[in-house]
Amino acid sequence: MDKLTERKKRLLEAVVDSYITSAEPISSAAIQQGYMPDVSTATIRSELAGLEEMGYLVKPHVSAGRVPSSKAYRFYVDSLMQNVTPGDVDELESEGRERIEGVESIVKEAVKVVSDITNYTSLMVLEGKDDLIVRQVKLVGLGDKTALVIIITDGGVLRDSVINLPENTQEGYLDAASSLINGSMAGKSIKTITGGEVISNVEEFKALFDQIIAMLRQYVQGGEVYVEGADKIFAYPEYRDVDNVKGFLSVISQKDKLQELTSGDGVEITVKIGAEEGVKNMAVVSARYLVSGRQIGHVGVIGPERMDYKKVIKVLTTIGKMSEEKKED
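Residues numbered from 1 in each chain as written. Predicted model: local features only at pLDDT ≥ 70, side-chain atom pairs only at ≥ 80, totals over all residues. Heavy atoms only, no water.

Q: Explain unusual backbone geometry to me, using residue names and the numbers behind them.
A: Positive phi, normally seen in glycine, also occurs at asparagine 119, with a value near 65 degrees. Structurally, asparagine 119 is set in the loop between α6 (107–118) and β3 (121–126). Residue classification places asparagine 119 among the partly exposed positions, given a relative accessible area of 37%. Despite not being glycine, asparagine 281 has its phi angle at roughly 60 degrees, a positive value. Relative to the helices and strands, asparagine 281 resides in strand β9 (residues 279–291). (Helix = DSSP H or I, 4+ residues; strand = E, 2+ residues; numbered from the N terminus. Buried < 20%, exposed > 50% of the residue type's maximum accessible area, 1.4 Å probe, protein only.)

Q: An account of the packing of aromatic side chains is requested, with residue identities and associated values reported.
A: Under the counting rule described, the total for this entry stands at 7 aromatic pairs. Between tyrosine 56 and phenylalanine 75, the aromatic rings sit 6.4 Å apart at their centres with planes inclined by 80 degrees, giving edge-to-face as the arrangement. Here tyrosine 56 is found in the loop between α3 (41–53) and β1 (57–58), whereas its partner phenylalanine 75 is found in helix α4 (residues 70–81), with 19 residues between them in sequence. A relative accessible area of 5% places tyrosine 56 in the buried class. Ring centres 5.1 Å apart and planes at 40 degrees place the aromatic pair tyrosine 173 and phenylalanine 205 in the tilted group. (Phe/Tyr/Trp six-rings, centres within 6.5 Å; stacked < 30°, edge-to-face > 60°.)

Q: So, the pattern of salt bridges: which residues are in play, and what are the values?
A: This model, assessed by the stated rule, comprises 12 salt bridges. Notably, a salt bridge pairs lysine 8 with glutamate 47, separated by 2.5 Å at the nearest N-O pair. Residue lysine 8 is found in helix α1 (residues 6–22), and its partner glutamate 47 is found in helix α3; the two are separated by 39 residues along the sequence. Overall, the relative accessible area of 14% leaves lysine 8 in the buried class. Salt bridges sharing partners connect three or more residues here, namely Arg7, Lys8 and Glu47. (Salt bridge = Lys/Arg side-chain N within 4 Å of Asp/Glu carboxyl O.)

Q: Summarise the nonpolar core; cite the residues concerned and give the values.
A: In this structure, Ile181, Met185, Leu208, Val285 and Tyr309 are the most contacted members of the largest nonpolar core, which totals 88 residues. Contacts of leucine 208, omitting those with residues within four sequence positions, involve Leu139, Ile163, Leu165, Tyr173, Ala177 and Ile181. (Core = buried A, V, L, I, M, F, W, Y, C linked by side-chain atoms within 4.5 Å. Contact = heavy atoms within 4.5 Å.)

Q: Lay out a nonpolar patch on the surface with the relevant residues and their values.
A: The grouping of Val140, Leu142 and Val162 at the surface amounts to a nonpolar patch, some 250 Å² of accessible area in total. By the secondary structure assignment, valine 162 is in strand β6 (residues 156–164). (Patch = residues over 30% accessible without salt bridge, like charges linked within 9 Å, V, L, I, M, F, W, Y side chains within 5 Å. Areas by Shrake-Rupley, 256 points an atom, 1.4 Å probe, with all protein chains shown as cover.)

Q: Outline the environment of lysine 272, supporting the account with residue identities and numerical values.
A: Considering the arrangement of structural elements, one finds lysine 272 in strand β8 (residues 269–274). Along the sequence, lysine 272 and methionine 282 sit 10 residues apart, while their C-alpha atoms lie 8.5 Å from each other. Residue contacts for lysine 272: discarding those within four places in its chain leaves Arg74, Glu260, Leu261, Ser263, Glu277, Val279, Met282, Ala283 and Val284. A polar contact of 3.4 Å, which involves the side chain of lysine 272, links it to the backbone oxygen of glutamate 260. (Polar contact = N/O pair within 3.5 Å; in protein donor to acceptor, adjacent residues only side chain to side chain.)

Q: Before we move on, could you go through the layout of surface pockets and cite the residues and values that matter?
A: Computed from the structure, the largest pocket encloses a volume of approximately 530 Å³. Surrounding the largest pocket, 19 residues form its lining, Tyr19, Ala23, Pro60, Val67 and Glu238 being those nearest its centre. Class assignment for the residues of the lining of the largest pocket results in 10 nonpolar, 4 polar and 5 charged. (1 Å grid on protein atoms, 1.4 Å probe; cavity = no way out; pocket = protein on both sides within 12 Å on 5 of 7 lines; lining within 4 Å. Points joined across faces, edges and corners; volume = space filled by probe spheres on them. Nonpolar A, V, L, I, M, F, W, Y, C, P; charged D, E, K, R; others polar.)

Q: Report on α1, specifying residues and quantitative values.
A: Under the 1.5 Å per step criterion, the end-to-end length of α1 is 24 Å for 17 residues, consistent within 8% with the ideal 24 Å. Among the residues of α1, Lys8, Leu11, Leu12, Ala14, Val15, Val16, Ser18, Tyr19 and Ile20 are the ones counted as buried. (Expected span 1.5 Å × (residues − 1).)

Q: Explain the side chain of glutamate 47 to me, using residue names and the numbers behind them.
A: Judged by its relative accessible area of 9%, glutamate 47 falls in the buried class. Beyond its immediate stretch of four places on either side in the chain, glutamate 47 contacts Thr5, Arg7, Lys8 and Leu11.

Q: Outline the packing of α1 against α3, supporting the account with residue identities and numerical values.
A: Look at α1 against α3: their axes get within 10 Å of each other, and the N-to-C directions meet at 85 degrees. It follows that α1 is roughly perpendicular to α3 by the angle criterion. Mapping the contact onto sequence places Arg7, Lys8, Leu11, Leu12 and Val15 in α1 and Thr43, Ile44, Glu47, Leu48, Gly50 and Leu51 in α3. Residue classes in the contact of α1 with α3 are distributed as 6 nonpolar, 2 polar and 3 charged. (Axes fitted to C-alpha atoms, helices over the stretch in contact; angles between N-to-C directions. Parallel < 35°, antiparallel > 145°, perpendicular 65-115°, else oblique.)

Q: For helix α10 (residues 242–252), give the residues involved together with the corresponding values.
A: All of the buried residues in α10 are Asn244, Val245, Phe248, Val251 and Ile252. Seen end-on, α10 carries its buried residues on one side only, within an arc spanning 130 degrees. Along α10, the residues that are exposed and aim more than 90 degrees away from the buried face are Val242, Asp243 and Lys246. The opening residue of α10, the one whose side-chain oxygen lies 2.8 Å from the backbone nitrogen of aspartate 243, is aspartate 241. (Arc of directions from axis to C-beta.)

Q: So what's going on with the pairing of β3? Residues and values would help.
A: β3 sits mainly inside the fold: 6 of its 6 residues count as buried. Sheet analysis places β3 next to strand β10 (residues 294–304), joined by 6 bridges and oriented antiparallel. Following the sheet pairing, methionine 124 is matched in β10 by valine 299. Note that β3 and strand β7 (residues 224–228) share 5 bridges and pair antiparallel. Considered in β7, the bridge of leucine 123 is made with valine 227. (Pairing = 2+ DSSP bridges.)

Spelled out as structure tokens, the structure:
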């Protein structure tokens, strides 16, 4: 690994901070004025050349100035991660908590909160765990012989789906079905329910039971992936490039790819940057999503390599902490 002097570290952080904000190369004079007034411009130019030789800076065009490479962002993030503390997220907690509590921490709304606050594309990858305990199944009639089914577990809201009701449904059907379903499923694990140990002994409700069990089996087999704010990526100048757009759309359309990018093997925050980690000209930052001490998936952000890592990490840390607190209540 290259050994960076303290001055090179300061300089590299200044270049990355500036590029994250402006998406434009920064001059040695601007670095001196804004970040390093104690260092001459000649010395800064020399250090920039050294960082380029080490692979931290690149020139995208012959006449262009230097911009950070994937290696530079990796250094920046690794350095940043050493200094993240709970106090770093307090400034964002008020806005995030208001939104999360207002919708009772439903997973899909949590993804919207992340996207709205960071202004990047956000995602939630839920793991298909069969040891979750079903707490309640809610049935909400929608008319036209359909109903919304909401499955609530000890890991929060598992999923909601619209299902079809039998043609001969009478008034009071959903109330009776809800009572029977919750009496049979509440307090049992998904594994127990999908393993055939829970069945309807009432023919009138068998089709409804089967649809709910199918929902649970589908969850266990592959989990769920939610993406929010996909169009926000186009606000960044990097995505005027057709190849970058194609790469981004390819990543967010692949469920397996998103699961791979957000997996962290128990690490609190995972950061994947650049082509070597499967996201050319992009970065993916994700955090474990815990409920009552149980990991149920990962929440993350995908954006350009020059994303505002400081803000993204703060938001993901805050959202994870608030969802834990809320769902334990």
